[in-house]
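# Results of the structural survey
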Amino acid sequence: MEWARKPLEIVIIGGSLTGLLCGVALKHAGHTVTIIEKDDNERQSHMAGVCLGLDAAVFLTHHDRHETVFCHSCTSIQAVTRDNGIKPFLKARREITNWDTFYFRLRSLFDGYSNSYYPALPKSINTDGCVAYKCRSEVSDISRATNGEGKMVLTILNHEIQQLSTKEADFVIGADGPNSVIRAKYAPSVHRQYAGYIAWRGLVPESEVSASTRKIFDHSVTVHMMDRHHCLMYIIPGQNGSLKPGNRFLNFLWYTNESTEALDEIMVDDLNGHRHQYIVPAGHVRKDIWDARLDRAKNLPLAAPFLEVILKIQQPFIQVITDFCSPRATFEDGQVLLAGDALSLCRPHTAFSCTQAAFHASLINNYINQQMSLTELEERMVRYSFLHWRQSIWWGEFYQRNKAVALLSGLCFWGYCGIDIIKSWWRGEERLFRGSSYIIKKHD
Ligand SMILES: Cc1cc2nc3c(=O)[nH]c(=O)nc-3n(C[C@H](O)[C@H](O)[C@H](O)COP(=O)(O)OP(=O)(O)OC[C@H]3O[C@@H](n4cnc5c(N)ncnc54)[C@H](O)[C@@H]3O)c2cc1C
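Residues numbered from 1 in each chain as written. Predicted model: local features only at pLDDT ≥ 70, side-chain atom pairs only at ≥ 80, totals over all residues. Heavy atoms only, no water.

### Describing the nonpolar core
- With 81 residues, the main nonpolar core has Leu 52, Phe 102, Ile 173, Ile 364 and Ile 368 as its most contacted residues.
- If we skip the residues at most four places from it in the chain, Ile 364 touches Cys 22, Ile 173, Leu 337, Leu 338, Ala 339, Leu 377 and Met 381.
- Counting 32 residues, the second-largest nonpolar core is a separate cluster that includes Ile 198, Met 226, Ile 235 and Ile 318. (Core = buried A, V, L, I, M, F, W, Y, C linked by side-chain atoms within 4.5 Å. Buried < 20%, exposed > 50% of the residue type's maximum accessible area, 1.4 Å probe, protein only. Contact = heavy atoms within 4.5 Å.)

In structure tokens, the structure reads:
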């Protein structure tokens, strides 16, 4: 399909990070962009870190019109051993922010939404397209328009006034997350798979832990590996995105293998008895379940700095680890596209979701602006996501499984890396696998 008109009418389903990254790039390219988001403007973060890798950094170089620093920089990955020794592992850069800070930064770039995170708006440029962010509106269906103009039509329920309406678009981007309605319609065989383990999570203000513990976590992502379970800790920004030492949070995670029967207990809401599927939010974890977890932490015991932090978590939350990767990213002759977690959900160990979202947004922007063919877009989106999805599985299996089983995942991942190298070499392009681009150098 060729399109000569500009601006194009683009609708993005989902106004979280992927939707906003796509929206900002397409607005800057002069298109008319509407984001449809079922939730509200002001939303609760999962209270966890969001890591920005190479492709996110490249995206921001082109599209971020704010100048303030909004990430905490970690320069290495280290391990804490059972006897509380520190083992440097890799010198690797990790730029870490949190969901709220990045969401509100992108909102201010997209539609000039301002609040205490970003009270001052960035300058707009007169070639920018027109945009709208419609919250409390949910897309329930998509089809091709019957008037012969070649557009797509969305059916939208406005939750505010409980009214259905339709909207036409030249392009539709499904940035509607892991339970995407777009993916369910066009790739119904792809489902979220339970990885066999969950994460017990929580935040503690760094001002509440001892100076010695704070020092351990200050510039490193720190892992504590045990037999088929592991803990992770890193610093994230504090209230209103503050990066000031003393204002930030320590972000604690403990991954444990759990049967599906155990989940029927663990995932029950303390307040209303509802059995959650993927997340028990902060403030809703059953007290007896969390107390049992703390007892387990003391009895093991976890390494001292991790134990100190877990005992100070006031509002834990629980996340079930799931993953999938869709074999297709484009539908309806390239007018319907999947992006971000709607296309591929990585396990969290590689902290890759947001980097993937930025890469997808850049490719989609190139495609809509006719700098890339549909065939190229499809191939690059799927190869990139597949590689990083397999990498996240390999890391997850390495931490949580028997090492022989994990090795199979590793071999599978390295096999795909080999294919990536050959394809990239054959086409004279840069490799799509990004993992090693984080690495500054190995520790001696
Ligand atoms: C409120 C929130 C808080 C989060 N906090 C964190 C965090 O602290 N740390 C972290 O690592 N990750 C967090 N995430 C996940 C993180 O945003 C993603 O993993 C990653 O950035 C890619 O996101 P995504 O935009 O592809 O998908 P998601 O972030 O899942 O966003 C999908 C969006 O689509 C909307 N949506 C879904 N269906 C429809 C529909 N039919 N019509 C209209 N809208 C629809 C959803 O409400 C949601 O806003 C959070 C996500 C959300 C929504």
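### Notes on the UniProt feature "domain: 2,6-dihydroxypyridine 3-monooxygenase substrate binding" (unreviewed entry) in the chain
- As annotated by UniProt and renumbered to match this structure, "domain: 2,6-dihydroxypyridine 3-monooxygenase substrate binding" (unreviewed entry) occupies residues 194-323.
- For residues 194-323, the end-to-end C-alpha separation is 7 Å, with 26% helix and 35% strand making up the annotated structure. (UniProt positions renumbered as here; feature names shortened; annotations may be inferred. Helix = DSSP H or I, 4+ residues; strand = E, 2+ residues; numbered from the N terminus.)

### Considerations on the domain arrangement of the chain
- Entries for the chain in the domain assignment read domain 1 (9-61 + 98-191 + 326-390) and domain 2 (72-97 + 192-322).
- The centre of domain 1, based on its C-alpha atoms, is set 29 Å off from the matching centre of domain 2.
- Listed per partner, the contact involves 20 residues of domain 1 and 25 residues of domain 2.
- The junction of domain 1 with domain 2 conceals about 2,000 Å² of combined surface from both sides, 55% of it contributed by carbon and sulfur atoms.
- Counting across the interface, domain 1 meets domain 2 through zero salt bridges.
- At the boundary of domain 1 and domain 2, one finds eight residue pairs in polar contact (both at pLDDT 80 or more).
- Only strand E3 (49-52) and helix H3 (99-111) provide two or more residues apiece to the side of domain 1 that touches domain 2. (Domains from an automatic or database assignment. Buried area = accessible area lost by both parts, 1.4 Å probe. Salt bridge = Lys/Arg side-chain N within 4 Å of Asp/Glu carboxyl O. Polar contact = N/O pair within 3.5 Å; in protein donor to acceptor, adjacent residues only side chain to side chain.)

### So, the site of the ligand
- As a matter of local geometry, the ligand sits amid 28 residues, with Ser 16, Thr 18, Glu 37, Arg 43 and Asp 341 nearest to it.
- Backbone polar atom of Gly 49 to an oxygen atom of the ligand: 3.1 Å apart, as the coordinates give it.
- Surface burial for the ligand is 87%, taken as the share of its 920 Å² of free accessible area covered by protein chains.
- Going through the elements one at a time, helix H1 (17-28), E3 and strand E7 (137-144) are the ones with two or more residues in the shell around the ligand.
- Here the element with the most residues in the shell around the ligand is E7; it accounts for three residues.
- Looking at the shell around the ligand residue by residue, the class counts come to 11 nonpolar, 11 polar and six charged. (Near = heavy atom within 4 Å. Areas by Shrake-Rupley, 256 points an atom, 1.4 Å probe, with all protein chains shown as cover. Nonpolar A, V, L, I, M, F, W, Y, C, P; charged D, E, K, R; others polar.)

### Considering the environment of Asp 288
- Topologically, Asp 288 is positioned in helix H7 (residues 287-299).
- Side chain to side chain, Asp 288 and Arg 286 meet in a polar contact 2.8 Å long.

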